[in-house]
Amino acid sequence: MISEVANLHIQDGMASEFESQFRRASPLLIGSKGYISHELHKCIEERNKYLLIIKWQSVSDHLVSFKQSEAYAEWRLMLAPFFDSAVEAEHYIPIKLHTMAVPPV
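The sections below set out a description of the structure shown in this document. Please read these numbers as outputs of a predicted model, since none were measured by experiment.

**A few points about the nonpolar core**
Counting residues in each nonpolar core, the largest one holds 22 residues, and the members touching the most others are Leu-8, Ile-10, Phe-18, Leu-29, Trp-56, Trp-75 and Leu-79. Apart from the residues lying within four places of it in its own chain, the contact partners of Phe-18 are Leu-8, Ile-10, Leu-40, Tyr-50, Leu-79, Phe-82 and Phe-83.

If you want it as structure tokens, here you go:
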């Protein structure tokens, strides 16, 4: 599993419309090969900034299966008009961390 992480900068005054359109566009992701889940977070410090995290089975599910699909073309048509700048996405893999149990006091 990988996480696609993108910072989205939305045009001033368009946040509410973007959020509504994002809800309408979400089924395009959900039906895609290798899709696991997605989350959209709104930044507290910068009102027009969002963090999008999409979990995929593999990088190729994102870069090939989705980005070369008609669903992606429709996704871009629906959401690109709201972007204030180019969207740059990066891919991350989880790191297993071992934690030590704290004994009760």
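**Some words on the sheet that holds strand β2 (residues 35-42)**
Spatial ordering of the open sheet is given by β2-β3-β1-β4, a layout of four strands whose pairing is antiparallel. Unpaired on one side and paired on the other, β2 and β4 (88-92) mark the two borders of the sheet. Here the average twist between neighbouring strands, direction ignored, is 20 degrees. Note that β2 and strand β3 (residues 49-56) share seven bridges and pair antiparallel. Across the sheet, the residue bridging to Glu-39 is Ile-53, located in β3. Packing against the sheet, helix α1 (residues 15-30) makes contact with β1 (2-9), β2 and β3, and its axis sits at approximately 175 degrees to β2.

**Observations concerning the pairing of β1**
With eight bridges joining them, β1 and β3 adopt antiparallel strand pairing. Its bridge partner lying in β3, Ile-2 is registered against Trp-56. One ladder, built from five bridges, connects β1 with β4; its direction is antiparallel. Residue pairing in the sheet places Asn-7 in a bridge with Glu-88 of β4.

How each quantity is defined
Counting of residues starts from 1 at the beginning of each chain's written sequence and follows it residue by residue. In view of the model being predicted, local features appear only for residues whose pLDDT reaches at least 70, and side-chain atom pairs are presented and counted only at 80 or more, with totals across whole chains, interfaces and linings using the full set of residues. For side-chain calculations, the full set of non-hydrogen atoms in the structure is used, while hydrogens and water are omitted. Working definition of a nonpolar core: buried Ala, Val, Leu, Ile, Met, Phe, Trp, Tyr and Cys residues. They are joined through side-chain atoms within 4.5 Å. A simple rule labels every residue: compare its accessible area, found with a 1.4 Å probe on the protein chains alone, to the largest value its type can have, and call it buried under 20%, exposed over 50%, or partly exposed in between. Any pair of residues with heavy atoms lying within 4.5 Å of one another is described as a contacting pair. Whether two strands pair depends on DSSP finding at least two bridges between them. Starting at the N terminus, helices and strands are each numbered in turn, a helix being any DSSP run of H or I of at least four residues and a strand any DSSP run of E of at least two. Angular values range over 0 to 180 degrees, each being the angle between N-to-C directions of two axes fitted as lines to C-alpha atoms, with helices fitted over their stretch in contact.

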